[in-house]
Amino acid sequence: MAHTDNRTMRRVLHREIAGTIGLVTDEHDFRAMRRYRTFTFADHETYLKQVESLLRTRALQGSHTTVALFDPEEYAEFCTHKGLDPDNPSSRTRFTAQIAATGPTLPYDGRPLADLVPALVDEAVRKATWEYATALLARLGACTSCGEDLGRAAFTRAAGLLVRILDTAPPGDRHLVCSVTGPPETLIAALRIADDGAALELDETEALEFTTVLALGLATESPGGLVIRVSAPNTPDRVYGWRMRAYGLEPLTAGEVFDAYCTDIESGDLISPESNVDYCAPPDLGDDKPAHGHRH
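Residues numbered from 1 in each chain as written. Predicted model: local features only at pLDDT ≥ 70, side-chain atom pairs only at ≥ 80, totals over all residues. Heavy atoms only, no water.

## So, the pairing of strand 5 (residues 187-195)
(1) Moving on: Taken together, the seven bridges between strand 4 (residues 173-180) and strand 5 define a ladder with antiparallel strand orientation. By the bridge assignment, Ser-179 is partnered in strand 5 with Ile-188.
(2) Moving on: Sheet topology note: the strand 5/strand 6 (residues 200-202) ladder contains three bridges and is antiparallel. Residue pairing in the sheet places Ile-193 in a bridge with Leu-202 of strand 6.
(3) Moving on: Hairpin connection, strand 5 to strand 6: the antiparallel pair is bridged by four residues, and Gly-197 has positive phi, about 95°. (Pairing = 2+ DSSP bridges. Helix = DSSP H or I, 4+ residues; strand = E, 2+ residues; numbered from the N terminus.)

As structure tokens, then:
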């Protein structure tokens, strides 16, 4: 009887344990892991099927599982730094525990792995974009004239502009995209906001990442832009935006917004506009931007 009770208690405790699996998401990374003798999977497709089966089983048992992005290069660096044997399952477990705390992760919510993997990769790109933009802002240092931290000042200004954009937008769900062009690559951040008629709902992490990328564009006066799409029931979607200019935002005309959305990026050919969409000029932000550069 006591033995049965112990097994029952262990099953109950098992459901209380949250787990993390480090997922090798693409074929290239999978081949890199195949060099380890203890990584016994023969092909990526079989590996993904086995992972999905494990996730479903844990979910049916009432266990919570987090999926983390497993990068073989970062894993090798981790093992070198910690003095671990990379061809040891316990080393992979330790690395997975670390990325569960610091890396891109998503909770398994029952969706097919084919849908979860792109979402996990997007999460990794978002995190990398934010970390890179944050590092560049930090490198700007202090203003030589007044001593103010340039990155912090740009972030404050970006946050203020974002509030103005949201305050002046018509009712409806909003989808904002900010892009900043510069070496070595273009940084893109997106922000989705739901409007239930009483309040706006947004993801705070997403808002932080978006504001950081916008701040970088403002601080460095890099080429870039910001567009917003507002969707509400029984009304056409409204699309408008701004280009980044001299530490501020300059409105795009309705024609410029139309051209941007109705031109193929690669070929330059015109494409048909979406139905039930108004390409329009943005509302006045009432922005008292400085004449140029840093505000003292």
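## Re the sheet that holds strand 3 (residues 105-107)
(1) Moving on: Ordered by their spatial adjacency, three strands build an open sheet running 1-2-3, and the pairing between neighbours is mixed. Each edge of the sheet is formed by a strand with only one pairing partner; in this case those strands are strand 1 (19-23) and strand 3. Across the sheet, the axes of successive neighbouring strands diverge by a mean angle of 25°, strand direction being ignored.
(2) Moving on: One ladder, built from three bridges, connects strand 2 (residues 65-69) with strand 3; its direction is antiparallel. The residue of strand 3 that forms the bridge with Ala-68 is Thr-105.
(3) Moving on: In the packing of helix 5 (residues 89-102) onto the sheet, the strands contacted are strand 1, strand 2 and strand 3, and the crossing angle to strand 1 comes to about 100°. (Axes fitted to C-alpha atoms, helices over the stretch in contact; angles between N-to-C directions. Contact = heavy atoms within 4.5 Å.)

## Here we look at the confidence of the model for the protein
In low-pLDDT segments, the atomic positions of the prediction should not be examined closely.
(1) Moving on: Looking at the protein as a whole, the pLDDT averages 85, with 88% of positions reaching at least 70.
(2) Moving on: The secondary structure element of the protein with the lowest average pLDDT is helix 1 (residues 2-16), at 53, and the one with the highest is helix 4 (residues 72-82), at 95. (pLDDT = per-residue confidence, 0-100.)

## Quick notes on helix 4
(1) Moving on: Within the span of helix 4, buried status applies to Pro-72, Tyr-75, Phe-78 and Cys-79. One face of helix 4 carries all of its buried residues, which in axial projection span an arc of 115°. For helix 4, exposure combined with an orientation more than 90 degrees from the buried face picks out Glu-73, Glu-77, Thr-80 and His-81.
(2) Moving on: In the core, the buried residues of helix 4 are packed alongside helix 2 (27-33) and helix 5.
(3) Moving on: The N-cap of helix 4, judged by a side-chain oxygen 2.9 Å from the amide nitrogen of Glu-73 a few residues on, is Asp-71.
(4) Moving on: Positioned one or two residues after helix 4, Gly-83 has a phi angle of 70°, which is positive. (Buried < 20%, exposed > 50% of the residue type's maximum accessible area, 1.4 Å probe, protein only. Arc of directions from axis to C-beta. Polar contact = N/O pair within 3.5 Å; in protein donor to acceptor, adjacent residues only side chain to side chain.)

## Overview of helix 7 (residues 150-168)
(1) Moving on: Taking 1.5 Å per residue, 19 residues should reach 27 Å; helix 7 reaches 27 Å between its end C-alpha atoms and fits that length.
(2) Moving on: Turning to helix 7, its buried residues are Gly-151, Ala-153, Ala-154, Arg-157, Ala-158, Leu-161, Leu-162, Ile-165 and Leu-166.
(3) Moving on: N-capping of helix 7 is provided by Asp-149, with a side-chain oxygen placed 3.1 Å from the backbone N of Gly-151. (Expected span 1.5 Å × (residues − 1).)

## A few points about the packing of aromatic side chains
(1) Moving on: Scanning the entire structure with this criterion turns up 12 aromatic pairs.
(2) Moving on: Residues Phe-39 and Tyr-47 carry aromatic rings whose centres are separated by 5.8 Å and whose planes lie at 50° to one another, so their mutual orientation is tilted.
(3) Moving on: On the basis of relative accessible area, Phe-39 is assigned to the buried category, the value being 8%.
(4) Moving on: Residue Tyr-47 is classed as buried on the basis of its relative accessible area of 4%.
(5) Moving on: Plain terms: the ring middles of Phe-70 and Phe-95 are 5.0 Å apart, the flat faces sit at 80° to each other, and that makes the pair edge-to-face. Taken together, the residues span a long stretch of sequence, with Phe-70 in the loop between strand 2 and helix 4 and Phe-95 in helix 5 at a distance of 25 residues.
(6) Moving on: Phe-95 sits in the buried class, given a relative accessible area of 2%.
(7) Moving on: One aromatic cluster is present, built from ring pairs that chain together Tyr-36, Phe-70, Tyr-75, Phe-78 and Phe-95. (Phe/Tyr/Trp six-rings, centres within 6.5 Å; stacked < 30°, edge-to-face > 60°.)

## Regarding the packing of helix 7 against helix 8 (residues 204-220)
(1) Moving on: Between helix 7 and helix 8, the least distance of the axes is 8 Å, while the angle of their chain directions is 115°. Crossing hand, helix 7 versus helix 8: right-handed. Between helix 7 and helix 8, the residues in contact are Ala-154, Phe-155, Arg-157, Ala-158, Ala-159, Leu-161 and Leu-162 and Leu-208, Phe-210, Thr-211, Thr-212, Leu-214, Ala-215, Leu-218 and Ala-219, respectively.
(2) Moving on: Looking at the contact of helix 7 with helix 8 residue by residue, the class counts come to 12 nonpolar, two polar and one charged. (Left-handed = near helix turned anticlockwise from the far one by under 90°. Nonpolar A, V, L, I, M, F, W, Y, C, P; charged D, E, K, R; others polar.)

## Considerations on unusual backbone geometry
(1) Moving on: In this structure, Glu-221 is a non-glycine residue whose phi angle is positive, near 50°.
(2) Moving on: The residue Glu-221 is located in the loop between helix 8 and strand 7 (224-231) in this model.

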